[in-house]
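This is what each chain is made of:
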Amino acid sequence: MSDYLAKLNPEQREAVETLDGPLLVLAGAGTGKTRVLTTRFAHILMSGKARPWEVLAVTFTNKAAREMRERVAHILGRPVEGLWLGTFHALCARMLRRHAELVGLKSSFTILDADDQLRLLKQVMEAERVDLKRWPAQGMMAIIQRWKDRGLTPARVTPAEDTDYAANRGRALYEAYQERLRALNAADFGDLLLHMTEILRTHPEVLADYHRAFRYILVDEYQDTNLVQYYWLRLLAQRPDPQPQNICCVGDDDQSIYSWRGAEIENILRFEKDFRGAKIVRLEANYRSTRPILGAASGLIARNTGRLGKTLRPGRNDADGEKVRVVSLWDSEEEARMVGERIESLRRSGHSLNEVAILVRAGFQTRSFEERLIVLGLPYRVVGGLKFYERAEIRDAMAYLRVLNQPADDLAFERIVNTPKRGLGESGMRALHELARAERIPLHDAAARITEGDALKPKPRNALRELIQGFARWRQVNAKEGHVVAAATVLEESGYTAMWQADRSPEAPGRLENLKELLRAMGEFQNLAGFLDHVALVMENDENAEGERLQIMTLHAAKGLEFDTVFLPGWEEGLFPSQRSLDEGGEKSLEEERRLAYVGITRARKHAIISHAANRRIYGNWSPAIPSRFLDELPEEMIMREGASASRGMRDTPSVFGGGGLLARRPRVIEAGAWEVKERPAHSASFARGERVFHDKFGYGTVLQVEDDRLEVAFDKADTKRVLDRFLRKASEA
DNA sequence: AGTTGGGGCATTTTT
DNA sequence: TGCCCCAACT
């Protein structure tokens, strides 16, 4: 027997070895889902059932795709070429490049990011004279995305679907938006799936090609698929008899937490009906967490109805462990202090900070913890900050490259035509737009034409001519010397680099550094088009992971991760479960919140500390908070209560905090006063450039500029910020 | 063209 | 309470 199979337990082996016919693998948290998926992939190749390019393997994130690629290569002992392994979007983009003309695009189409999408839709709506005050473009975007999620092209949207926006003009706006995309030779993220599904639906010969091509299909996180992804998969999987439908979906209905993004939990619940003769394998042996953690999570999730049903059991013999802590606190400040203290003590006892995470329900909760951790000097990282590709300088540079690649990319052209400043103001842009619209030509071509006449003042006219001539030249550089040289030349000759060099702001050097990084990254790609696709689809987060850091992130962001110690703060009615889910979605969305709680608890290997506060500041005002109903749903024998909840029944308003435990140690009065430290009296000391200072919120930093009472400070653990001197202390006094 | 101040808004987010 | 976006200044 191959040794990669020997490492599996019986149920995992069944999931790997059941190669023929539809298979659903219900993989509970920590049951070796990724191992099964990658081993199955390798097993298909090793057993000779298919060649690498005959397997279609789909994930949701680039990270998951990368991981699968690496692990398959590891099992096989060599890298594998020619795989159809990637995210839904990347795979669809690849396919769509082959068939673009079937939906009115050219193979060279541009993939727009969220920002471009919204700007384009705004333009469309303005042109259609929609009152954007009354009907924000965001709302229309959301509707269009939901339609795309459900596989609805404008033609497939029925009047009954089109009732809740801009006096039933939603469908018309959607159609106009799609026309604009086509005119720009562009596709948004939703289009990648939508167009490909539409092609497979309406072009049997294309579908038949793919039926022949893919003998096996593997899908990760099936519970997160939306309808259009489901249609796409089903079309590809439902091969005509006698060819077997070898689709294997791996997922966990208990971890479906993305319905608000269009995911349909019904997809996984319905699997057996969709695919004749489907087999279901349950992975229930958990190798990650201790017995109490599993017991707490299982007890909680058992309250949900409409599950496929599965019970985690400890897969290791040493799985006994500490009970899940449920800590009651007076207010959110005290909660942050409690978490900080425990992390400090963990660190003192040799615990790695990389193995600690604080998982919150909503982004704004991270702040109180950040503030506390800065004061304590504990290094942390907030997952999900600004991404590399989202930074202004990168987006600008990308826009230059997009115009280089495709002159008709109006969105990109518009972004850079006056960056750096070329003296093109509102009137100049209007003239340009009018010419482009009148002649039905791209802005780039209109710009070339307009410099021939005298519609523009001399300064912008000359600058614009230079830009257009520049692009012609740079395209030749691209053809002759490659995209990296071309990119460097573009940034240099367009004056873009010079713009940042002349910038006196403290961010400028970092931005120039980022541009260099961009050029470096380009070197890894064959050509410009390949690179642009990569950036559009593979939004890499260039977080520098160096050094030991604890992590703060949302529960959503934590799915798929694991840590020795997990803090789960803010378990209060209205916050978790969130008010909105209580108000709107009824029982269904409450169940999704419960799944989110389940995801949170099951992230912990050894220690889970859940907490709630009796008082929380909401939009500035303190208001009392009731413990989350989820706390009552945890099996009593799996948890250990601390603070008020230790001696009193839950769900009462915890007005009296007299119970034992850690929190009762200090008198309440001192607790309440402690946070007033913020209101420090104005500091008479003045600061000098280069001086080390301390800020309650941002921590230590160095003074860059002084203007009266306003200082510019480069903080060690935060960006450079402008702050008033009264919020600063000298580092030596901090 | 850049700054400033008022008003509206305030889960979760990947591609 | 705080942030972000837009509109109206200078």
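Residues numbered from 1 in each chain as written. Chains lettered and ligands numbered in written order. Predicted model: local features only at pLDDT ≥ 70, side-chain atom pairs only at ≥ 80, totals over all residues. Heavy atoms only, no water.

The name that an unreviewed UniProt entry assigns to chain A is DNA 3'-5' helicase, with the source organism given as Falsiroseomonas bella. Here is the UniProt Sequence similarities (unreviewed entry) comment for chain A, exactly as written: "Belongs to the helicase family. UvrD subfamily." UniProt lists a comment for chain A under the heading Function (unreviewed entry), and it reads "Has both ATPase and helicase activities. Unwinds DNA duplexes with 3' to 5' polarity with respect to the bound strand and initiates unwinding most effectively when a single-stranded region is present. Involved in the post-incision events of nucleotide excision repair and methyl-directed mismatch repair." (UniProt positions renumbered as here; feature names shortened; annotations may be inferred.)

Participant: Please give an account of the domain arrangement of chain A that cites residues and values.
Facilitator: Annotation of chain A at the domain level lists domain 1 (3-94 + 194-283), domain 2 (110-184), domain 3 (301-382 + 542-643), domain 4 (390-522) and domain 5 (692-733). For domain 3 and domain 4, the distance between their C-alpha centres works out to 47 Å. (Domains from an automatic or database assignment.)

Participant: Go over the nonpolar core, please, and point to the residues and values.
Facilitator: Counting residues in each nonpolar core, the largest one holds 47 residues, and the members touching the most others are Leu192 and Trp232. In this structure, Leu192 is in contact with His89, Cys92, Ala93, Leu96, Phe109, Ile111, Ala187 and Leu537, ignoring residues within four places of it in sequence. Tyr400, Leu515, Leu518 and Leu532 belong to the second-largest nonpolar core, a separate cluster that totals 45 residues. (Core = buried A, V, L, I, M, F, W, Y, C linked by side-chain atoms within 4.5 Å. Buried < 20%, exposed > 50% of the residue type's maximum accessible area, 1.4 Å probe, protein only. Contact = heavy atoms within 4.5 Å.)

Participant: Outline the packing of aromatic side chains, supporting the account with residue identities and numerical values.
Facilitator: Overall, the coordinates contain 17 aromatic pairs when judged by the stated rule. Both rings, one in Phe271 and one in Phe275, keep their centres 5.0 Å apart while their planes meet at 40°; by these two values the pair is tilted. A network of ring pairs unites the aromatic residues Tyr400, Phe471, Trp474, Tyr496 and Trp500 as a single cluster. The positively charged end of Arg94 is found above the aromatic ring belonging to Trp84, 3.6 Å away from the centroid. The positively charged end of Arg201 is found above the aromatic ring belonging to Tyr231, 4.9 Å away from the centroid. (Phe/Tyr/Trp six-rings, centres within 6.5 Å; stacked < 30°, edge-to-face > 60°. Lys NZ or Arg CZ within 6 Å of the ring centre and 35° of its normal.)

Participant: So, helix α21 (residues 458-481): which residues are in play, and what are the values?
Facilitator: The end-to-end C-alpha distance of α21 is 33 Å, a good match for the 34 Å that 24 residues give at a rise of 1.5 Å each. Regarding α21, the residues found buried are Pro460, Arg461, Leu464, Leu467, Ile468, Gly470, Phe471, Trp474 and Val477. Check the buried side of α21 and you find it contacts α17 (392-405), α18 (410-416), α19 (426-439), α20 (443-450) and α22 (483-493). Just beyond α21, the residue with positive phi is Gly482, at close to 95°. (Helix = DSSP H or I, 4+ residues; strand = E, 2+ residues; numbered from the N terminus. Expected span 1.5 Å × (residues − 1).)

Participant: Can you break down the sheet that holds strand β2 (residues 55-59) residue by residue, with the values?
Facilitator: Pairing is parallel in the open sheet, where 6 strands are placed in the order β3-β2-β6-β7-β1-β8. Either end of the sheet is taken by a strand with one partner, and the two such strands are β3 (84-87) and β8 (279-283). Across the sheet, the axes of successive neighbouring strands diverge by a mean angle of 15°, strand direction being ignored. For β2 and strand β6 (residues 216-219), the ladder comprises 4 bridges, and the chain directions are parallel. (Pairing = 2+ DSSP bridges. Axes fitted to C-alpha atoms, helices over the stretch in contact; angles between N-to-C directions.)

Participant: Tell me about the pairing of strand β16 (residues 604-618), residues and numbers included.
Facilitator: Counting buried residues in β16 gives 11 out of 15 residues, a clear majority hidden from the surface. Taken together, the 6 bridges between strand β11 (residues 324-331) and β16 define a ladder with parallel strand orientation. The residue of β16 that forms the bridge with Ser328 is His612. Pairing of strand β15 (residues 563-568) with β16, which is carried by 5 bridges, proceeds in the parallel orientation. Bridged to Phe563 within β16 is Ala604. From the end of β16 to the start of strand β17 (residues 621-624), which pair antiparallel, there are 2 residues, and Tyr619 there has a positive phi angle of about 50°.

Participant: A description of the side chain of Arg595 should follow, citing residues and the corresponding values.
Facilitator: Inspection of the secondary structure assignment puts Arg595 in helix α28 (residues 586-601). A relative accessible area of 8% places Arg595 in the buried class. In terms of polar contacts, Arg595 uses its side chain to reach the backbone carbonyl oxygen of Ser256, at 2.6 Å. Residues in contact with Arg595, not counting those within four places in the same chain, are Asp253, Asp254, Gln255, Ser256, Ile257, Ile265, Ile301 and Asn304. (Polar contact = N/O pair within 3.5 Å; in protein donor to acceptor, adjacent residues only side chain to side chain.)

Participant: How would you summarise the environment of Leu24 if you had to cite specific residues and measurements?
Facilitator: Within the secondary structure, Leu24 is located in strand β1 (residues 23-27). Given a relative accessible area of 0%, Leu24 falls into the buried group. The spatial distance from the C-alpha of Leu24 to the C-alpha of Cys248 is 5.8 Å, given a sequence separation of 224 residues. When sequence neighbours within four positions are dropped, the list of residues in contact with Leu24 reads Tyr222, Cys249, Ile268, Phe271, Lys279, Ile280, Val281 and Leu308.

Participant: Pulling in residues and values, what's your account of the UniProt feature "binding site: ATP" (unreviewed entry) in chain A?
Facilitator: The sites that UniProt annotates as "binding site: ATP" (unreviewed entry) are Ala27, Gly28, Ala29, Gly30, Thr31, Gly32, Lys33 and Thr34. Excluding anything up to four places from it in sequence, Gly30 contacts Ala285, Asn286, Tyr287 and Arg288. Residue class for Thr34 comes out partly exposed when judged on its relative accessible area of 25%. If we ignore the near neighbours within four places in the chain, the residues touching Thr34 are Glu67 and Arg71.

Participant: Account for the packing of helix α7 (residues 137-149) against helix α8 (residues 170-183), naming residues and giving values.
Facilitator: Relative orientation of the contacting elements α7 and α8 amounts to 80°, with a least axis distance of 10 Å. In terms of their interaxial angle, α7 and α8 are classed as roughly perpendicular. On α8, the residues touching Met140, Met141, Ile144, Trp147 and Lys148 of α7 are Gly170, Arg171, Leu173, Tyr174, Tyr177, Gln178 and Leu181. Partitioned by chemical class, the residues of the contact of α7 with α8 number 8 nonpolar, 2 polar and 2 charged. (Parallel < 35°, antiparallel > 145°, perpendicular 65-115°, else oblique. Nonpolar A, V, L, I, M, F, W, Y, C, P; charged D, E, K, R; others polar.)

Participant: Quick one: what's the story with the pattern of salt bridges, residue by residue and with numbers?
Facilitator: Per the counting criterion, the structure on display carries 53 salt bridges. Notably, a salt bridge pairs Asp115 with Arg119, separated by 3.9 Å at the nearest N-O pair. Here the residue Asp115 and the residue Arg119 both occupy positions in helix α6 (residues 114-127), the gap between them amounting to 4 residues, near one helical turn. The partly exposed category is assigned to Asp115, whose relative accessible area is 39%. (Salt bridge = Lys/Arg side-chain N within 4 Å of Asp/Glu carboxyl O.)

Participant: Can you tell me about the side chain of Ser332, naming the residues and giving the values?
Facilitator: Mapped onto the elements of the fold, Ser332 is located in helix α15 (residues 332-348). With near-sequence residues (within four places) excluded, Ser332 lies in contact with Ala613, Asn615, Arg616, Arg617 and Trp622.

Participant: Just give me the short version of helix α5 (residues 88-99), but keep the residues and values in it.
Facilitator: Side chains three or four residues apart in an α-helix point the same way, a direct result of the helix having 3.6 residues per turn. Helix length check: α5 (12 residues) gives 16 Å between terminal C-alpha atoms against 16 Å at 1.5 Å per residue, within 8%. Among the residues making up α5, those that are buried are Phe88, Leu91, Cys92, Ala93, Met95, Leu96, Arg97 and His99.

Participant: A description of the confidence of the model for chain A should follow, citing residues and the corresponding values.
Facilitator: Scored by pLDDT, chain A has a mean of 85; 87% of the residues are at 70 or more. Across residues 647-685, confidence stays below pLDDT 50; counting only partners more than four residues off in sequence or on other chains, it has 66 contacts. (pLDDT = per-residue confidence, 0-100.)

Participant: Go over unusual backbone geometry, please, and point to the residues and values.
Facilitator: The linkage connecting Asp241 with the following residue, Pro242, adopts the cis geometry, with an omega of 0°. Among the structural elements, Pro242 can be located in the loop between α11 (227-237) and β7 (247-251). At the junction of Phe576 and Pro577, the peptide bond is cis and its omega measures out at 5° in the coordinates. Position of Pro577 relative to the elements: it lies in the loop between β15 and α27 (579-583). Although it is not a glycine, Arg440 adopts a positive phi angle of roughly 55°. Inspection of the secondary structure assignment puts Arg440 in the loop between α19 and α20.

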